[in-house]
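# Fold and geometry: a report
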Amino acid sequence: MDVRNDWTIEAISEIYHTPLLDLIYRAANIHRENDSYSEVQISNLISIKTGGCSEDCSYCPQAARYHTDVNVHPLMSVEKVMSLAKSAKDSGASRVCMGASWREVRDNRDFDKVLEMVSAVNDMGMEVCCTLGMLTASQAEKLKEAGCFAYNHNIDTSGEYYDKIITTRTFEDRLNTLGNVRKAKLTVCSGGIIGMGETHDDRIGMLKVLSTLPEHPDSVPINALVAVEGTPLENQKKVPIEDVVRMVATARIIMPKSVVRLSAGRNEMSLADQALCFMAGANSIFAGEKLLTTPNPAYDEDMRMFDVLGLKPRAPFKDAAKQVAHAVS
Ligand code: SAM
Ligand code: DTB
Ligand code: SF4
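First, a word on what this report is: a plain description of the structure on this page. These numbers were taken from a predicted model, which means no experiment stands behind them. (Residues numbered from 1 in each chain as written. Chains lettered and ligands numbered in written order. Predicted model: local features only at pLDDT ≥ 70, side-chain atom pairs only at ≥ 80, totals over all residues. Heavy atoms only, no water.)

## Things to note about the overall build of the protein
The secondary structure content of the protein amounts to 11 helices and 10 strands. With the principal axes as the frame, the protein shows a C-alpha extent of 50 × 40 × 40 Å. In the protein, which comprises 329 residues, the proportion classed as buried is 58%. A total of about 14100 Å² of accessible surface is found on the protein, and carbon and sulfur atoms cover 51% of it. For the protein, the distance from the average position of its 36 positive side-chain charges to the average position of its 44 negative side-chain charges is 3 Å. (Helix = DSSP H or I, 4+ residues; strand = E, 2+ residues; numbered from the N terminus. Buried < 20%, exposed > 50% of the residue type's maximum accessible area, 1.4 Å probe, protein only. Areas by Shrake-Rupley, 256 points an atom, 1.4 Å probe, with all protein chains shown as cover. Lys, Arg positive; Asp, Glu negative; His and termini not counted. Charge placed at Lys NZ, Arg CZ, Asp CG, Glu CD.)

## Quick word on the packing of aromatic side chains
Where two aromatic rings form a pair, the distance of their centres and the angle of their planes describe that pair. Under the counting rule described, the total for this entry stands at 2 aromatic pairs. Seen from their ring centres, Phe149 and Phe317 are 5.4 Å apart, and the 85° between their planes marks the pair as edge-to-face. Taken together, the residues span a long stretch of sequence, with Phe149 in the loop between α5 (137-146) and β4 (150-152) and Phe317 in the segment after β10 (312-313) at a distance of 168 residues. Assessed through its relative accessible area of 14%, Phe149 is described here as buried. Ring centres of Tyr162 and Phe171 lie 5.4 Å apart, and the angle between their planes is 65°; on these two criteria the pair is classed as edge-to-face. (Phe/Tyr/Trp six-rings, centres within 6.5 Å; stacked < 30°, edge-to-face > 60°.)

## Thoughts on the site of ligand 1
The full set close to ligand 1 counts 16 residues, and Tyr59, Asn154, Asp156, Arg174 and Val226 are the nearest of them. Contact distances for ligand 1 include 3.1 Å between a nitrogen atom and a backbone N or O atom of Ala100. At 3.1 Å from a nitrogen atom of ligand 1 is found a main-chain nitrogen or oxygen belonging to Trp102. Contact with the protein chains covers 91% of the free accessible surface of ligand 1, which is 550 Å². Of the residues belonging to the shell around ligand 1, the class tally is 9 nonpolar, 5 polar and 2 charged. (Near = heavy atom within 4 Å. Polar contact = N/O pair within 3.5 Å; in protein donor to acceptor, adjacent residues only side chain to side chain. Nonpolar A, V, L, I, M, F, W, Y, C, P; charged D, E, K, R; others polar.)

## Quick notes on the pairing of strand β2 (residues 95-100)
Among the 6 residues in β2, 6 count as buried, and that is most of the element. In the sheet, strand β1 (residues 39-49) pairs with β2 via 6 bridges, with the strands oriented parallel. Bridge pairing links Ile46 to Met98 in β2. Sheet analysis places β2 next to strand β3 (residues 127-131), joined by 5 bridges and oriented parallel. By the bridge assignment for β3, Cys97 is matched with Cys129. Taking the sense of rotation as the criterion, the β-α-β connection linking β2, helix α4 (residues 109-123) and β3 turns out right-handed. (Pairing = 2+ DSSP bridges. Right-handed = clockwise from strand over helix to strand, strands pointing away.)

## Side note on the site of ligand 3
Surrounding ligand 3, one finds Cys53, Glu55, Cys57, Tyr59, Cys60, Ala63, Ser101, Trp102 and Arg169. Counting atoms within 2 Å of the grid points, the majority share of ligand 3 lands in the largest cavity. (1 Å grid on protein atoms, 1.4 Å probe; cavity = no way out; pocket = protein on both sides within 12 Å on 5 of 7 lines; lining within 4 Å. Sits in = over half its atoms within 2 Å of the grid points.)

## A word on the side chain of Gln41
Relative to the assigned elements, Gln41 resides in strand β1. Gln41 gets classed as buried once you look at its relative accessible area, which sits at 2%. A distance of 3.0 Å separates a polar atom in the side chain of Gln41 from a polar atom in the side chain of Arg261. Apart from the residues within four sequence positions on either side, Gln41 is in contact with Ser94, Arg95, Glu127, Val259, Arg261, Asn283, Ser284, Ile285 and Arg314. (Contact = heavy atoms within 4.5 Å.)

## Digging into empty space enclosed by the protein
This structure, assessed with the given rule, holds 1 cavity of 30 Å³ or more. Lining the largest cavity we find 40 residues, and of these Tyr59, Cys60, Gln62, Asn154 and Leu292 sit closest to its centre. For the lining of the largest cavity, a count of residues per class yields 21 nonpolar, 12 polar and 7 charged. (Points joined across faces, edges and corners; volume = space filled by probe spheres on them.)

Take it as geometry only, folks, not as evidence of what the structure does.
Here's what the structure looks like:
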């Protein structure tokens, strides 16, 4: 499998616009070169600090300036996080992703508490991912030292469309944080959202940025917008499943070694819809009844889907050794 970092807009566009069944077939072939193609990573989200965020991300129910009915909550206790992580582990999750409604991390007692959570959950034998907003290089190192495995920081959309969605930070800010995360040798989780009124070219542009980073993100979440009442995007129409499949398949073809996560939006998808995404190369999901603030399918329902489709949950740290080999010189 060839890992290329010199993808052009034209080449990605040609793949993205391939007739759908040909696209799925091509992506499925690439996916099947991977011995563990029937394994799917299960990640469980824990919203460790909810709502009241200073940013203006148009899609987000946690921005303080929008009137949504999110239950605002300060930073959770370490004990509570550990007990949620244990339930997730018992249900088959191998990764816990802790999300905070922060613009950026500050060097204060809350961050120290997050470091404690990271270390406690890592000690339980689970992969820990954090998504806490912007990070400096030294904060990224502290997370790594505490036992954090991955950092999620989405570029969300194309550089061109970014300021239509968020004005309180820039696309460059996002890329800087991703650089700090890489430098600290945390694994990188970065993707975006579709269904926010962007064009196909914006989606292609987003994939071009991800696939031409010095190293591909280790995982790429593809979120379908969950349109939440009270946010500026509340009236966006549900994104058609064929668009989700196109994104997953294109990501699989251009970033063949990355984990592609079918992320937000699964609650609105049928088993058949999701089957197409797994066929097209998706190999990770967020599981558990809640994402950060919005509903997600129940574990039992997902396990039934795994049974029907012949999928298996992936063990933690499976690719840790391969991560280094990811680098492209
Ligand atoms: N505050 C941190 C940040 O913005 O990086 C971390 C948490 S934030 C909620 C993580 C990601 O969730 C966002 O970058 C966005 O991609 C995704 N997200 C948030 N609201 C969403 C929604 N309504 N639908 C789909 N994805 C969403
Ligand atoms: C990601 O790409 N999607 C997750 C996670 N990373 C942090 C978040 C989805 C949030 C959906 C809206 C909500 O539940 O608040
Ligand atoms: Fe805040 Fe993150 Fe939501 Fe933006 S996406 S409003 S930064 S929690």
